[in-house]
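Overview (structure and organization)
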Amino acid sequence: MSACINVAMSCLAAMTRASTVHVADDTFGTRAGHVDVALMGGGTGSLTATVTGTTMTGDPQTTIKLAAQFGIAAGGKVNLTVTGNTIQTFQSPWDVGAVWVDPLAAGAHCSVTNNMLLKDDDGVDLRGGSGCTVSGNTITAGAAGVEIGASYVATVPATNNTIVGNTITGATTVATKKAYPAATAVDKVPVDGVLGWDGTGNAVTGNTVRGFANDLYVGEDPVYLHNSTTWGSMPRPYSTYSTATTSASGNRFTTPAPPASGTGYAVQHANYGTPTYSLPAEGNWWGAATGPGTVGSGNGNPVTHTVDYTNWCTTASPCPSVPSAPRTVKATADSAHGGAVHLSW
């Protein structure tokens, strides 16, 4: 088993036994095409890593060639905690971002909390990550605020992740300026607030999302997965998609950023056609007390077909969780005990 911290492409430490790494209160310089902190755990429990209080700045220049430019990249069976950092302007013509997790196999742990992830192509990529919590972050992004999908290198889906309590806002980055041959849904606006294109048991709850072509996109994403401009001669990622147990509740979906050639959606549920199941999306705020529009009967932000938007919030704040179904309560007077009333259900 081995682990390596890679800072600006210079390996600072390599360990051959179970290890603990703490990166704190640092500032990394701006360098194009680099990964500031790379963490890899070879076996279960081989590496426990915390990155906190650190500022990382990528090179946002549009002239950068295709490059894997990330603030933090983690893989293998690393137990990762990322908290209280500022990670900003990680952009390139190839979608990159602040935090990339690929893959965290069974036995690993991931927590990305209370960070400022600013003007990155992607805020957090969970590519094969499982059991991760992404919470309390402020994210501005051009491609995806949070992306949930399969591992780039193996047939590992992203499962049982929780995206909760984040503020995710669209921003112009290099990713919004690319010319995709068949990407009429993008049209050079921020793409997806939360993108879930593979994985099961993932929950999106209590977030505020605004300013994307799709505040939440669930299903196969042809813009990124089947496009020669994105991948060139490289192999596409694992492509057996499943998002059937993804759910969204308690979120505030505010005004999307519609592309010139299409409609902006609060929630778009797509799977190369109409999905055969409904996406659970109850108890959300859709921008109007009457609920979502388009396929919905309200005048709020649009949703697509096969989105279960019932029991929506009628105010933006607070937006409570989905209310429980009403129950029948039976009241019985007890004359033997002074007329006490017993309730049963």
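These figures come from a predicted structure and were not determined experimentally.

1. Let's talk about the overall build of the protein
When helices and strands are tallied, the protein shows 2 helices and 29 strands. Per-residue burial for the protein yields a buried fraction of 52% across its 345 residues. Element-wise, carbon and sulfur atoms account for 55% of the exposed surface of the protein, whose accessible area totals about 14,100 Å².

2. Concerning the packing of aromatic side chains
For any pair of aromatic rings, the description rests on two quantities: the centre-to-centre distance and the angle between the ring planes. In total, this model carries 3 aromatic pairs according to the counting rule given. Seen from their ring centres, Phe70 and Trp100 are 5.0 Å apart, and the 50° between their planes marks the pair as tilted. Here Phe70 is found in strand 7 (residues 70-76), whereas its partner Trp100 is found in strand 10 (residues 97-104), with 30 residues between them in sequence. Accessibility assignment for this pair places Phe70 and Trp100 in one class, buried. With a centroid separation of 6.2 Å and 40° between ring planes, the pair formed by Tyr309 and Trp312 is classed as tilted. Given the relative accessible area of 18%, Tyr309 is considered buried.

3. A closer look at the environment of Val209
Position of Val209 among the secondary structure elements: in strand 19 (residues 208-210). Among the residues examined, Val209 registers a relative accessible area of 1% and is labelled buried. Through-space distance from the C-alpha of Val209 to that of Ile168 is 4.8 Å; in sequence the pair is 41 residues apart. Non-local contacts of Val209, meaning those with residues more than four positions away in its chain, are made with Ile168, Gly193, Asp215, Arg252, Phe253 and Thr254.

4. Observations regarding unusual backbone geometry
The phi torsion at Asn114 lies on the positive side, around 55°, for a residue other than glycine. In this fold, Asn114 is placed in the loop between strand 11 (109-113) and strand 12 (116-127). Phi at Thr294 is positive, roughly 65°, even though this residue is not glycine.

5. Some thoughts on the confidence of the model for the protein
The pLDDT averaged across the protein works out to 76; a share of 66% of its residues lies at or above 70. Per-element confidence in the protein is highest for strand 9 (residues 86-88), whose mean pLDDT is 96, and lowest for strand 2 (residues 10-15), whose mean pLDDT is 34. The model gives residues 1-17 a pLDDT under 50, and that stretch makes 46 contacts with residues more than four places away or in other chains. Considering only residues more than four positions removed or in separate chains, one finds that residues 180-185, a stretch of pLDDT under 50, has 14 contacts.

6. Topic: the environment of Val96
The topology assignment puts Val96 in the loop between strand 9 and strand 10. Exposure remark for Val96: the relative accessible area of 0% places this residue in the buried category.

7. Section: the pairing of strand 7
Among the 7 residues that make up strand 7, 7 are buried, leaving the element largely enclosed by the rest of the structure. With 6 bridges connecting them, strand 4 (residues 35-41) and strand 7 associate as parallel partners. From the neighbouring strand, Ala38 faces strand 7, where its bridge partner is Ala73.

About the cut-offs
Residues numbered from 1 in each chain as written. Predicted model: local features only at pLDDT ≥ 70, side-chain atom pairs only at ≥ 80, totals over all residues. Heavy atoms only, no water. Helix = DSSP H or I, 4+ residues; strand = E, 2+ residues; numbered from the N terminus. Buried < 20%, exposed > 50% of the residue type's maximum accessible area, 1.4 Å probe, protein only. Areas by Shrake-Rupley, 256 points an atom, 1.4 Å probe, with all protein chains shown as cover. Phe/Tyr/Trp six-rings, centres within 6.5 Å; stacked < 30°, edge-to-face > 60°. Contact = heavy atoms within 4.5 Å. pLDDT = per-residue confidence, 0-100. Pairing = 2+ DSSP bridges.

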